[in-house]
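# Structural description and commentary
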There are 2 protein chains.
Amino acid sequence: MYKIEFDNFFTYSFSSDCIIFGFRNGEISVLLIKRAMEPFKDKWAIPGDLVYPDEDLLDASKRILFELTQLNDIDLHQAQTFGKPNRHPQGRVITCAHFALLRINDFHAEASSWAKEVAWIPIHKVPELAFDHDEILSSTYDLLKQKLAIEPVCFDMLPEKFTLSEMQSLYEYAFDTTMDKANFRKKIKSIPIKKLSEKQQNVKHRPAQLFSFDQDRFIEMVKTDHYTFKMY
Amino acid sequence: MYKIEFDNFFTYSFSSDCIIFGFRNGEISVLLIKRAMEPFKDKWAIPGDLVYPDEDLLDASKRILFELTQLNDIDLHQAQTFGKPNRHPQGRVITCAHFALLRINDFHAEASSWAKEVAWIPIHKVPELAFDHDEILSSTYDLLKQKLAIEPVCFDMLPEKFTLSEMQSLYEYAFDTTMDKANFRKKIKSIPIKKLSEKQQNVKHRPAQLFSFDQDRFIEMVKTDHYTFKMY
DNA sequence: AAGTATTATTGTCCATTTGACAATAAGTGA
DNA sequence: TCACTTATTGTCAAATGGACAATAATACTT
């Protein structure tokens, strides 16, 4: 049984790492920090820190993300846990990855605490990271791609009002492919988005129709079991 | 940064719970143990125990599963981590769920260590479990269903040699639905299974053709990128 | 031996979806 | 007005999917 009375079982600590994804200029980016302290000083890393002994994992993630990047009120979700005994040079630290998707332009991230710098870095241009963060990022990006394929999470990264071409370009980037415009539009016919009365502004060509996610219709579809998202 | 030098961060411990699924008599079952010790003595629970301070999570899961059920050499995969501060009555225990799929008849599970009894219990007939194990089981079963939909994992639970009707019944049970036999067979045309020279034995009706998973063809398809599994 | 019951297997028809590609629309700027 | 660019819609054939019918192989019954 759980031998929690044994002192030698309390020799590890537990952390949370926050992988924050966004979409901008046709690229999926991730929010990283530059470390101001050893180990891995000046290396880029996923924002993360220790969980307090009496703190819930999700609460801890939100606190840690805020402490390091000033991002507040972010809707985090759990991803994988990483626990190789030697993954942290200073001791046994098991870390639980959490991720969130957000609209980059709706937030302002700013380095604080022991973060020296923060930056949105396109996923394909991420440098080598501290600790085993390359593996954590890669595994969590895989999870994101899986979610994009079967859940309407793209709308968390797209602007509130988006064009169908923007939506398509997000999928093309994630799945590393190109799609036919006409066929993409047919494919998303069953996805609950609503046509707005507005059009794109300040473009030097025919302005595109703007759309937004139709939350009400989505909820209704889920309730009546008429919903299956398939985007691959 | 990680303040692992602070003693008060070493007041939690870490465990692994092993959710083992199998398929028998048209039902997906899970391997549970009856606890021989407090807390929750005599309650059914998911087999799990503490991870050693220098032990890898996956190694720990295999060791723990063997200690409690004598199941050896099981291919476990990580699922969700559960860490509510009060989930364990005797202290802060964060647990990482691991799951495996196996052919029930190819293994013999036997209670040992502090497990008083082990049993394969159909997923729809599981009694109330110890700790937050109801939530852990339910979340992991959801994960299983998701995997069944997009990966060829059904073959880990089906007998080595199976009939198409058995395969269909697994999906019908998991997705809680019924499918047309002819259409099911069309749907799986692209799945790498091979027709064997044998037929079903000892049935009182027309014996069905036996099939087995075609590992070679599967690997070839993955390599050449000609593989997408869609079973929903 | 013939007929019945049961499950396996295959085929057909039609509606829907998918993929490739063409045609048209609505803006800007020269 | 014309060229240029991206948006949007339409077409057609192929592939897929769902409902349902027809046939096959085995054991069991009479």
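Overview of the structure. Quick caveat: nothing in here was measured; it's all calculated off a predicted structure.

All names here are of chain A. Applying the stated criterion across every chain, the model contains 19 aromatic pairs over all chains. Considering the side-chain rings of tyrosine 171 and phenylalanine 175, the 5.6 Å spacing of their centres and the 50° angle between planes classify their relative orientation as tilted. Of this pair, tyrosine 171 and phenylalanine 175 both sit in helix H4 (residues 164-175), four residues apart, which is roughly one turn of the helix. Residue class for tyrosine 171 comes out buried when judged on its relative accessible area of 0%. Note on phenylalanine 175: relative accessible area 23%, which makes it partly exposed.

So, on to helix H1 (residues 57-69) of chain A. Residue and element names in this part refer to chain A. Over its 13 residues, H1 extends 18 Å from the first C-alpha to the last, a length consistent with the 18 Å expected when each residue adds 1.5 Å. Here H1 has its buried residues at Leu57, Ala60, Ser61, Arg63, Ile64, Leu65, Leu68 and Thr69. The N-cap of H1, judged by a side-chain oxygen 3.2 Å from the amide nitrogen of leucine 58 a few residues on, is aspartate 56. A positive backbone phi angle near 65° is found at glutamine 70, which sits one or two residues after H1.

All right, on to the layout of surface pockets then. All names here are of chain A. Of the pockets and cavities examined, the second largest pocket occupies roughly 560 Å³. Lining of the second largest pocket is provided by 24 residues; of these, Asp75, Leu101, Val153, Phe155 and Asp156 occupy positions nearest its centre. Only strand S6 (92-102), helix H3 (154-157), strand S9 (209-213) and helix H6 (215-223) provide two or more residues apiece to the lining of the second largest pocket. Sorting elements by how many residues they give to the lining of the second largest pocket places S6 first, with four residues.

Ranked by internal contacts, the top residues of the largest apolar core, which has 50 residues, are A:Phe14, A:Ile20, B:Phe14 and B:Ile20. Each residue touching B:Ile20, except ones within four places of it in the same chain, is listed here: B:Ser29, B:Val30, B:Leu31, B:Leu65, B:Leu76, B:Ala100, B:Leu102 and B:Trp120.

Moving on, we get to the interface of chain B and chain A. Listed by partner, the interface residues are 49 residues for chain B and 49 residues for chain A. Interface area for chain B against chain A, summed over the two sides, is near 4300 Å², with a carbon-plus-sulfur share of 61%. Run the count over chain B and chain A and you get zero salt bridges. At the junction of chain B and chain A, the tally comes to 11 residue pairs in polar contact (both at pLDDT 80 or more). Counting only elements with at least two residues in the side of chain B that touches chain A, the list comes to strand S1 (12-24), strand S4 (48-50), strand S5 (77-82), strand S6 (92-102) and helix H2 (133-150) of chain B. The element best represented in the side of chain B that touches chain A is S1(B), accounting for five residues. Residues belonging to the side of chain B that touches chain A are distributed by class as follows: 24 nonpolar, 14 polar and 11 charged.

Residues in contact with DNA strand C amount to 18 residues; listed here are only the nearest, A:Lys186, A:Arg206, B:Lys181, B:Arg185 and B:Gln209. Contacts to DNA strand C include A:Asp180, whose side-chain N or O atom sits 3.3 Å from a base nitrogen. Within the side chain of B:Ser165, a nitrogen or oxygen atom sits 2.9 Å from a phosphate oxygen of DNA strand C. Every element with two or more residues in the surface near DNA strand C is listed here: helix H5 (181-187) of chain A together with helix H5 (181-187) of chain B.

To continue, consider the packing of H2(B) against helix H4 (residues 164-174) of chain B. Residue and element names in this part refer to chain B. Here H2 crosses H4 at 135°, and the two axes come no closer than 10 Å. Relative to H4, the element H2 lies oblique. Like other packed secondary-structure pairs, H2 and H4 cross with a definite hand, here left-handed. Within the contact between the two elements, H2 uses Tyr141, Lys145 and Leu148 and H4 uses Leu170, Tyr171, Tyr173 and Ala174.

Okay, the side chain of A:Arg63 next. All names here are of chain A. Within the secondary structure, arginine 63 sits in helix H1. Given a relative accessible area of 18%, arginine 63 falls into the buried group. Residues within four places of arginine 63 in sequence aside, it is in contact with Leu50, Val51, Tyr52 and Glu55.

Before going further, it helps to spend a moment on the protein's contact with DNA strand D. Neighbouring DNA strand D are 18 residues, the closest being A:Lys181, A:Arg185, A:Gln209, B:Lys186 and B:Arg206. Put simply, 55% of the atoms of DNA strand D that lie within 4 Å of the protein are in sugar or phosphate. The backbone of A:Gln209 places a nitrogen or oxygen atom 2.7 Å from a phosphate oxygen of DNA strand D. At a separation of 3.1 Å, a base nitrogen of DNA strand D approaches a polar side-chain atom of B:Asn183. At the level of secondary structure, the elements contributing two or more residues to the surface near DNA strand D comprise H5 of chain A together with H5 of chain B. Of the residues assigned to the surface near DNA strand D, the class counts are five nonpolar, five polar and eight charged.

What counts and what doesn't
Along each chain, residues carry numbers from 1 onward, in the same order as the chain's sequence is written. The naming scheme follows written order: chains are lettered A onward, ligands numbered 1 onward. Totals for whole chains, interfaces and linings use all residues, but because this is a predicted model, local features are given only for residues with pLDDT of at least 70 and pairs of side-chain atoms are given and counted only at 80 or more. To get the side-chain values, all heavy atoms of the structure are used, and hydrogens and water are removed first. Under the pairing criterion, centres of Phe, Tyr and Trp rings, with the six-membered ring standing for Trp, must be within 6.5 Å; the plane angle then separates stacked pairs below 30 degrees from edge-to-face pairs above 60, leaving the rest tilted. Every helix listed is a DSSP run of H or I at least four residues long, and every strand listed is a run of E at least two residues long, numbered separately from the N terminus. When accessible area is computed with a 1.4 Å probe and restricted to protein chains, residues below 20% of their type maximum are described as buried, those above 50% as exposed, and intermediate ones as partly exposed. How far a helix is expected to stretch is found by multiplying one less than its residue total by 1.5 Å. Whenever a nitrogen or oxygen atom comes within 3.5 Å of another N or O atom, the pair is scored as a polar contact, on the condition that within protein one atom can donate a hydrogen and the other can accept it, and that pairs from neighbouring residues in sequence are kept only if both atoms are in side chains. Only protein atoms enter the 1 Å grid used here, on which a cavity is any set of points holding a 1.4 Å probe that cannot leave and a pocket is any open set flanked by protein within 12 Å on both sides along at least five of seven lines; residues with an atom within 4 Å of a point are listed as lining. Grid points are joined across faces, edges and corners, and a volume is the space filled by probe spheres set on the points. In these notes, a set of buried Ala, Val, Leu, Ile, Met, Phe, Trp, Tyr and Cys residues joined through side-chain atoms within 4.5 Å is what counts as a nonpolar core. We call two residues contacting when some pair of their heavy atoms lies within 4.5 Å. We define buried area as the total accessible area lost by two parts upon association, computed with a 1.4 Å probe and summed across both. For this analysis, a salt bridge means a side-chain nitrogen from Lys or Arg found within 4 Å of a carboxyl oxygen belonging to Asp or Glu. The nonpolar class holds Ala, Val, Leu, Ile, Met, Phe, Trp, Tyr, Cys and Pro. Asp, Glu, Lys and Arg form the charged class, and all remaining residues, Gly among them, are polar. In this text, near means that some heavy atom of the residue lies within 4 Å of the molecule or strand in question. Axis definition: a line fit to C-alpha positions, over the contact stretch in the case of helices; interaxial angles, taken between N-to-C directions, run 0 to 180 degrees. Under this scheme an angle from 65 to 115 degrees is roughly perpendicular, one under 35 degrees roughly parallel, and one over 145 degrees roughly antiparallel; angles in between are oblique. In this scheme the handedness of a crossing depends on how the near helix is turned from the far one: anticlockwise by less than a right angle means left-handed, clockwise means right-handed.

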